[in-house]
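If you want the building blocks of each chain, they are given just below.
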Amino acid sequence: MMNPLRYVKALLGFGDVEAFWQARNEILKEPGKHRYAHILCKVIRKHYGAGIPVLPDINRFITPHGFYGIFISQRAKIGEGCTIFQQVTIGSNELQFGGAPTIGNNCLIGAGAKIIGNVHIGNNVRIGANAIVVDDVPDNCTVVMNKPRVIVRHTD
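Everything numeric here is computed off the predicted structure, so don't read it as measured data.

## Re the environment of Phe 20
Line of reasoning, step 1. Along the chain, Phe 20 falls in helix H2 (residues 17–29).
Line of reasoning, step 2. A residue is classified by how much of its surface remains accessible, and Phe 20, at 2% relative accessible area, is buried.

Now the structure itself:
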């Protein structure tokens, strides 16, 4: 059972990341508390600039730098033991009925990475910083962006 003061702090935006996860677990355990899920999501959006839905398909994940700028689609699924850095987007590619990503277990998603659409990320996958993933990734792989290239060069 969560400390009631910590629960209230999480709902008011004074708690830490751990308080969010504990409050989320309390909300998911009792159907009558689902009305607080909306409040908790608003607090996270205001305090961290993040969108993290309170849904059972999104398992607890590690956030080394807090929730800052993390956006997760309501239809996404996140496995156990994942680490998600700041400014990550895990989103659907359509406003209505679009597919959303499914992230496997023990994945690491680097800062600024974007995982978009109905893609499946396997278990034990590492996605590098600022990578854009729009295709499925099999288990035990690492995904990084291509080396930047010059497409226009101005000469004076």
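From this point on, the discussion continues.
## As for the sheet that holds strand E9 (residues 126–127)
Line of reasoning, step 1. Pairing within the open sheet is parallel, and its 4 strands lie in the order E3-E6-E9-E11. Only two strands of the sheet have a single partner each, and these edge strands are strand E3 (83–84) and strand E11 (142–143).
Line of reasoning, step 2. As defined by bridge partners, E9 adjoins E11 across 2 bridges and the pair is classed as parallel. Note on E11: the bridge partner recorded for Ile 127 is Val 143.

## Comments concerning the packing of aromatic side chains
Line of reasoning, step 1. Summed over the entire model, instances satisfying the criterion amount to 1 aromatic pair.
Line of reasoning, step 2. With centroids separated by 6.2 Å and ring planes inclined at 75°, the aromatic side chains of Phe 61 and Phe 67 adopt a geometry described as edge-to-face. Both residues of the pair, Phe 61 and Phe 67, belong to the buried class.

## Regarding a nonpolar patch on the surface
Line of reasoning, step 1. Together, Ile 132, Val 134 and Met 145 make up an exposed nonpolar region whose accessible area comes to about 290 Å².
Line of reasoning, step 2. Among the structural elements, Ile 132 can be located in strand E10 (residues 132–133).

## Remarks on the sheet that holds strand E1 (residues 71–72)
Line of reasoning, step 1. Reading across from one edge, E1-E4-E7-E10 is the order of the 4 strands in this open sheet, with parallel pairing throughout. Edge positions in the sheet fall to E1 and E10, since each of these pairs with one other strand and no more.
Line of reasoning, step 2. As judged from the 2 bridges shared by strand E7 (residues 114–116) and E10, these two strands associate in the parallel manner. Among the inter-strand pairings, Lys 114 is bridged to a residue of E10, identified as Ile 132.

Criteria and thresholds
Residues numbered from 1 in each chain as written. Predicted model: local features only at pLDDT ≥ 70, side-chain atom pairs only at ≥ 80, totals over all residues. Heavy atoms only, no water. Helix = DSSP H or I, 4+ residues; strand = E, 2+ residues; numbered from the N terminus. Buried < 20%, exposed > 50% of the residue type's maximum accessible area, 1.4 Å probe, protein only. Pairing = 2+ DSSP bridges. Phe/Tyr/Trp six-rings, centres within 6.5 Å; stacked < 30°, edge-to-face > 60°. Patch = residues over 30% accessible without salt bridge, like charges linked within 9 Å, V, L, I, M, F, W, Y side chains within 5 Å. Areas by Shrake-Rupley, 256 points an atom, 1.4 Å probe, with all protein chains shown as cover. Salt bridge = Lys/Arg side-chain N within 4 Å of Asp/Glu carboxyl O.

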